[in-house]
Amino acid sequence: MARAKKASKVHRSDSGEESIIIPVKTGGEWFMRILEANGFQFFFGTTGGGMPDIQDAMTVVKPPKWIQGLHEFPTVCASVGYALAGERPAICLIDRTVGPMNCLGGVYMGFEAYAPVVIFGSRNYPGVPVDSGSPQYHYHTTQTAFMREWCKWVHENQVLETLPDDVAKAIFMAEAEPQGPVYLTLREDLMAAKVNRGVIRSTKRMKPPALPIPRTEVLREACELLLDSQNPLAVASSLGRHPKAVSTLVKLAETLAIPVRDGRSFLNFPMDHYLFMGFQDIEPSWPSECDLIFNIEHGYLPPQRPPEGAKIIDLTSDPFNLRGVQAGGDYGSTMFPADVRMLGDSQATLTALTEMAVKLIDERKLKKTVERRREELIEEHRRLMEDWNKEADDHLNDRPVSPYRIGRELNTVWNDRTTWINIAITSRSALMQNIIIKKPGSYFGNPSWHLGVGCGMAYGVALARSKGYVNIQMKNGFPVGSIPKPYETVICTIGDGEAIMGNIDSCLWTCSHYGIPVLYLVMNNASWGIEWEFIAKATAGWSRKAKNYECVDIDKPRINFAQLAKAYDVHGEKVEENDQAGAALRNALATLQKGRPALIDFTLPKYTEGPSLVP
């Protein structure tokens, strides 16, 4: 545990637990010292009138460093991105009643993405005085109720004496599997209270519990099913949120020669591997000969189900199947029959399955059978990649700018130090099929599938993948002028609708202000393209017949995001021709190397069918 300065007394219990008693002046300073002692580097937030004593204490307590967002929604999304990319809890601070309402979409995404985020909310009570004597605005009796649906634990700190325990439990609950957001309110009057000293407790022994693995006989039953199958298929969606788990799936797949489809909330399987067989969300239909499905941290949104007649093995760390399925809300995955259903640590379980499989292959003398299957799958993978390349070749010159061309150009500059936040929807398949990524932890999607999360998420990821803040200067005894030093290139692909709903202007300001090097690529098709799919299939079909697109078009004017970027002192470039794409990408990446953000606005074909007949 990092020790706060001026520790006056240290207490150790018989079990070795350590508490530090330090001088503090306010509840707000005590709170910030607790965060400092827990090693938090960044504090994401959107300022408000209900947190003055916390923000006042930030002047003298650094780290954590305050990262100001201009709206609560991207602020919480940034903390989600930081938690996922950093594989550690993130913290953010929002204000009273309106703050939770503004950020709820980000909390929902954090829940679906298993993000260990601790959201602190300021809170007040009418008539409860603080030293300033200010009126207590924006009070609501059930402030915590807004967050309860999408948080693992919701609580309010009622007395300062429990503040260290409340914060410790919040961190513990966020980090325990299955991970997810928690919400803790902090009363303004308690943060303003004058205190003389505060207790800071070590959390080094507050480790989350380790998940179990299935019994030996269950592992054996699953392995025997996999070996008896003629055409098995594994599908993984959320396994890759823990990058180290991906290699265990690769090892099992290689041992048994099992093809794998990636659900692509995260990178769950390397694309260049001969057992990679595409994306489940792009190709949801099942191979006709498939006789076994192995679901690994993967669920099905009703009415989708595994194929009838196939054997089913299911492995998840979420006992209630609320997550592991894209956009499932609090319904989560549909229930489906399974021949073997396993609950536990996916990484450890896959390792144990591999060890069991090696023994069974030897016992049953199946090495030649596995090798034959392997040879067939190598050829199948080759055909898949050829088909994708041909599809891209056929569309490289689509005008004005082809998303296939963008994907190809990106692939030429991609390396193992590139991280991708992909929230594009209508361009999704063109990008994913042409950017060959293989490094676990290098891809973050949007499992909640609602618009707006990518803009904030991207700068949170960038901060997690930085080397920390450097060039910290001192003025009047306080640190100022610090900037992040990146060690990975962070690229975020978004649509124009995503950019607007994600408060792109807020995120551009934050990136510019702190020098966070993110490259935003806007796939600008002048419409809420994904929404047109629903309206075009409406029961009566009037909109399609009348060419009435007024509910989905973002046109006349088509938004110029490059000009918007320049307004925030961000490198902005508009690309309207295919042959401009490569040069624009290289210019933008050069800007990132200088520690500055950049944005490219790609003019894609209008998604709806020509101009709307409605003025």
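Residues numbered from 1 in each chain as written. Predicted model: local features only at pLDDT ≥ 70, side-chain atom pairs only at ≥ 80, totals over all residues. Heavy atoms only, no water.

Novice: Which parts of the structure should I look at to understand the overall build of the chain?
Specialist: From N to C terminus, the chain includes 20 helices and 25 strands. Here the C-alpha atoms of the chain give a radius of gyration of 26 Å, agreeing with the 25 Å that 2.2 N^0.38 yields for 615 residues. Seen along its three principal axes, the alpha-carbon backbone of the chain occupies a region of about 75 × 65 × 50 Å. The proportion of buried residues among the 615 residues of the chain is 58%. About 25,700 Å² of surface is accessible on the chain, with carbon and sulfur atoms providing 52% of the total. In the chain, the 67 positive side-chain charges and the 71 negative ones have mean positions that sit 6 Å from each other. (Helix = DSSP H or I, 4+ residues; strand = E, 2+ residues; numbered from the N terminus. Rg over C-alpha atoms; globule rule 2.2 N^0.38 Å. Buried < 20%, exposed > 50% of the residue type's maximum accessible area, 1.4 Å probe, protein only. Areas by Shrake-Rupley, 256 points an atom, 1.4 Å probe, with all protein chains shown as cover. Lys, Arg positive; Asp, Glu negative; His and termini not counted. Charge placed at Lys NZ, Arg CZ, Asp CG, Glu CD.)

Novice: Can you help me understand the sheet that holds strand 23 (residues 518-524) in this one?
Specialist: Note: strands within a sheet are paired through backbone hydrogen bonds, in either parallel or antiparallel orientation. The strand order across the open sheet formed by six strands is 17-16-22-23-25-24, and the pairing between neighbours is parallel. If you trace the sheet from one side to the other, it starts and ends with strand 17 (443-444) and strand 24 (571-575), each paired once. Summarising the sheet, strand 16 (residues 418-422) and strand 17 pair through two bridges and their orientation is parallel. Residue pairing across strands places Trp420 opposite Tyr443, the latter belonging to strand 17. Along the sheet, helix 16 (residues 504-514) contacts strand 22 (489-495), strand 23 and strand 25 (598-603); its crossing angle with strand 23, the most-contacted strand, is approximately 160°. (Pairing = 2+ DSSP bridges. Contact = heavy atoms within 4.5 Å. Axes fitted to C-alpha atoms, helices over the stretch in contact; angles between N-to-C directions.)

Novice: Whenever I open this one, the nonpolar core confuses me. Can you help?
Specialist: Generally speaking, nonpolar side chains in soluble globular proteins are found buried as a group. Among the nonpolar cores identified, the biggest contains 95 residues, and Phe31, Phe43, Phe120, Tyr459 and Tyr520 are the most heavily contacted of them. Of all the elements, helix 3 (residues 72-86) adds the most residues to this core, at nine residues. Filtering out sequence-adjacent residues up to four positions away, Phe43 remains in contact with Phe31, Met32, Leu35, Met58, Pro64, Lys65, Trp66, Ile67, Ile91, Cys92, Leu93 and Phe120. In this structure, Cys223, Phe294, Met432 and Ala598 belong to the second largest nonpolar core, which totals 73 residues. (Core = buried A, V, L, I, M, F, W, Y, C linked by side-chain atoms within 4.5 Å.)

Novice: What is the right way to look at a negative patch on the surface in this model?
Specialist: Negative charge collects at one region of the surface, where Glu289, Glu375, Glu376 and Glu380 lie side by side. Residue position: Glu375 is located in helix 11 (residues 367-395). (Patch = residues over 30% accessible without salt bridge, like charges linked within 9 Å, V, L, I, M, F, W, Y side chains within 5 Å. Salt bridge = Lys/Arg side-chain N within 4 Å of Asp/Glu carboxyl O.)

Novice: Is there a simple way to think about the packing of helix 9 (residues 244-256) against helix 11 in this case?
Specialist: Where helix 9 contacts helix 11, the axes come no closer than 8 Å and their chain directions differ by 110°. Between helix 9 and helix 11, the crossing angle belongs to the class labelled roughly perpendicular. Of helix 11, the residues touching helix 9 (which contributes Glu254, Thr255 and Leu256) are Val370, Arg373 and Arg374. (Parallel < 35°, antiparallel > 145°, perpendicular 65-115°, else oblique.)

Novice: Teacher, can you tell me more about the environment of Thr216 here?
Specialist: Inspection of the secondary structure puts Thr216 in helix 8 (residues 216-228). Judged by its relative accessible area of 53%, Thr216 falls in the exposed class. Taking the C-alpha atoms as reference, Thr216 lies 8.7 Å from Met356; in sequence the two are 140 residues apart.

Novice: What's the story with the state of the cysteines in this structure? I'm lost.
Specialist: Disulfides are covalent bonds that connect the sulfur atoms of two cysteines. Under the defined criterion, the tally for this structure stands at zero disulfides. Not engaged in a disulfide, the cysteine Cys77 finds its nearest cysteine sulfur in Cys507; these two sulfurs lie 8.0 Å apart. (Disulfide = S-S within 2.5 Å.)

Novice: Sorry if this is basic, but what is going on with empty space enclosed by the protein here?
Specialist: Here the idea is plain: a probe the size of a water molecule rolls over the atoms and shows the empty space left. All chains considered together, the criterion is met by seven cavities of 30 Å³ or more. Here the largest cavity is characterised by a volume of approximately 150 Å³. Along its surface, the largest cavity is lined by 16 residues, and Ile425, Thr426, Leu451, Gly495 and Gly529 are the ones closest to its centre. At the level of elements, helix 15 (496-501) and helix 17 (529-536) are the ones that each hand at least two residues to the lining of the largest cavity. Sorting elements by how many residues they give to the lining of the largest cavity places helix 15 first, with three residues. (1 Å grid on protein atoms, 1.4 Å probe; cavity = no way out; pocket = protein on both sides within 12 Å on 5 of 7 lines; lining within 4 Å. Points joined across faces, edges and corners; volume = space filled by probe spheres on them.)

Novice: Before we go on, may I ask you to explain helix 9 in this structure?
Specialist: In an α-helix there are 3.6 residues to a turn, and that puts residues three or four apart on one side. Burial in helix 9 covers these residues: Ala245, Val246, Thr248, Leu249, Val250, Leu252, Ala253, Thr255 and Leu256. Contacts from the buried residues of helix 9 go to helix 8, strand 10 (232-236), strand 11 (260-262), strand 13 (292-296), helix 10 (346-363) and helix 11. Just beyond helix 9, the residue with positive phi is Ala257, at close to 55°.

Novice: I would appreciate a short explanation of the side chain of Ser229 in the present structure.
Specialist: Mapped onto the secondary structure, Ser229 falls in the loop between helix 8 and strand 10. Within the local environment of Ser229, its side chain forms a polar contact with the side chain of Asp291, the two groups lying 2.5 Å apart. Not counting the four nearest positions on each side in its chain, Ser229 is found in contact with Asp291, Leu292 and Arg373. (Polar contact = N/O pair within 3.5 Å; in protein donor to acceptor, adjacent residues only side chain to side chain.)

Novice: Explain the confidence of the model for the chain to me, please; I cannot follow it from the model alone.
Specialist: The predicted coordinates should not be examined in detail at positions where pLDDT is low. Counting all residues, the mean pLDDT for the chain is 90, and 92% of those residues have values of 70 or more. The low-confidence segment residues 1-5 (pLDDT under 50) makes 17 contacts with residues lying over four places distant or belonging to another chain. (pLDDT = per-residue confidence, 0-100.)

Novice: Explain the environment of Lys359 here, please?
Specialist: Mapped onto the secondary structure, Lys359 falls in helix 10. Considering only alpha carbons, one finds Lys359 and Arg220, 139 residues apart in sequence, at a separation of 10.0 Å.

Novice: In this structure, what is going on with the packing of helix 8 against helix 10? I would like to understand it.
Specialist: For any two helices packed against each other, the geometry is given by the interaxial angle and the distance between the axes. Between helix 8 and helix 10, the least distance of the axes is 9 Å, while the angle of their chain directions is 60°. The angle between the axes of helix 8 and helix 10 places the two elements in the oblique class. Viewed along their axes, helix 8 and helix 10 form a crossing whose handedness is right-handed. On helix 10, the residues touching Thr216, Leu219, Arg220, Ala222, Cys223, Glu224 and Leu227 of helix 8 are Thr349, Ala352, Leu353, Met356, Ala357, Leu360, Ile361 and Glu363. Residue composition of the contact of helix 8 with helix 10, by class: ten nonpolar, two polar and three charged. (Left-handed = near helix turned anticlockwise from the far one by under 90°. Nonpolar A, V, L, I, M, F, W, Y, C, P; charged D, E, K, R; others polar.)

Novice: Which parts of the structure should I look at to understand the side chain of Thr248?
Specialist: Its location among the elements puts Thr248 in helix 9. Setting aside its immediate chain neighbours within four residues, Thr248 contacts Gln347, Leu350, Thr351 and Thr354.

Novice: Is there a simple way to think about the packing of aromatic side chains in this case?
Specialist: Scanning the entire structure with this criterion turns up 18 aromatic pairs. With 5.4 Å between their ring centres and 65° between their planes, Phe276 and Phe279 make a pair best called edge-to-face. Classification of Phe276 as buried rests on a relative accessible area of 0%. By relative accessible area, which is 0% here, Phe279 ends up buried. A centroid spacing of 5.3 Å and a plane angle of 85° characterise the contact between Tyr300 and Phe336, whose relative ring orientation is edge-to-face. Here Phe336 lies in the loop between strand 14 (311-316) and strand 15 (340-343) and Tyr300 lies in the loop between strand 13 and strand 14, a separation of 36 residues in the sequence. Taken as a pair, Tyr300 and Phe336 share a single burial class, namely buried. When the ring centre of Tyr443 is taken as reference, the NZ or CZ atom of Arg264 above it lies at 4.3 Å. (Phe/Tyr/Trp six-rings, centres within 6.5 Å; stacked < 30°, edge-to-face > 60°. Lys NZ or Arg CZ within 6 Å of the ring centre and 35° of its normal.)

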